[in-house]
Amino acid sequence: MKKIIAFGASSSKTSINKQLATYAAKQFKDATVEVLDLNDYEMPIFSTDKETEIGIPQLAHDFYAKLGTADLIVISFAEHNGAYTTAFKNIFDWTSRINSKTFQEKQTLLLSTSPGPRGGSSVLEIAKNRFPFQGAVVKGSFSLPSFYENFDVASGIINPDLNNQLMGIVNSIEL
């Protein structure tokens, strides 16, 4: 059975991006899904001085190892001031010190959502452009606008057109 690692790139305990990543990951047939919580990987703010002082934290190695177990990585990005959240960026920075190909040539599905009509599209564009350089094999991307109008915890994406868009991407990815 194939394995999917999914997470919301946010440290919010009620992350709407974690909800979207979990929903999307569970749409794949015949796969196990492990949902990560970025709060389990909280480390000092990355700097080369800090790396010289303490080395690469074990949590960065743990996160990198988790990614290595996946056949598919599903990430949904929260957008803070048009870019990655600090929590995600810090984990990303530390993990890239282990291997600049952080995503280890794994198939990757990139998502984003927000309460607003752009659905985190600015951060999604950053990730789509950056992640191939970091070893992600980007198989698709999807932005869900206006999360609270288009998503229900029990049902998932309730807008049929948007759900069909996501399902088209899911169905195009071979695990």
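Higher on the page you've got the structure.
Only a predicted model underlies this, so the values are computations on that prediction, with no experimental measurement involved.

Looking now at unusual backbone geometry. Unlike most non-glycine residues, Asn81 shows phi in positive territory, near 50°. Residue placement: Asn81 occurs in the loop between strand S3 (72-77) and helix H4 (86-96). Overall, Asn81 belongs to the exposed group, its relative accessible area being 86%. You will see that Glu105, though not glycine, has its phi angle at about 60°, which is positive.

All told, the structure shown has seven salt bridges when counted by the stated rule. In this structure, Glu34 and Lys66 form a salt bridge, with 2.6 Å as the shortest nitrogen-oxygen distance. Taken together, the residues span a long stretch of sequence, with Glu34 in strand S2 (residues 31-36) and Lys66 in helix H3 (residues 58-68) at a distance of 32 residues. Three or more residues joined by partner-sharing salt bridges are found here, namely Lys3, Glu34 and Lys66.

Next up on the list: the pairing of S2. Bridge count for strand S1 (residues 2-9) against S2 is six bridges, and the pairing is parallel. Bridged to Lys3 within S2 is Thr32.

We now examine H3. Residue pairs three or four apart in sequence face the same way in an α-helix, which turns once every 3.6 residues. The set of residues buried in H3 consists of Ala60, Phe63, Tyr64 and Leu67. One side of H3 carries all its buried residues, which in axial view fall inside an arc of 95°. Check the buried side of H3 and you find it contacts S1, S2, S3, H4 and strand S4 (106-113).

Right, let's get into the packing of aromatic side chains. Scanning the entire structure with this criterion turns up 18 aromatic pairs. Ring plane angle 70° and centroid distance 6.0 Å describe the contact between Tyr84 and Phe92, whose orientation is recorded as edge-to-face. Its relative accessible area of 12% is what places Tyr84 among the buried residues. Taken together, Phe7, Tyr41, Phe63, Phe77, Tyr84, Phe88, Phe92, Phe103 and Phe131 form an aromatic cluster joined through their ring pairs.

Reading the values: the criteria
- Residues numbered from 1 in each chain as written.
- Predicted model: local features only at pLDDT ≥ 70, side-chain atom pairs only at ≥ 80, totals over all residues.
- Heavy atoms only, no water.
- Helix = DSSP H or I, 4+ residues; strand = E, 2+ residues; numbered from the N terminus.
- Buried < 20%, exposed > 50% of the residue type's maximum accessible area, 1.4 Å probe, protein only.
- Salt bridge = Lys/Arg side-chain N within 4 Å of Asp/Glu carboxyl O.
- Pairing = 2+ DSSP bridges.
- Arc of directions from axis to C-beta.
- Contact = heavy atoms within 4.5 Å.
- Phe/Tyr/Trp six-rings, centres within 6.5 Å; stacked < 30°, edge-to-face > 60°.

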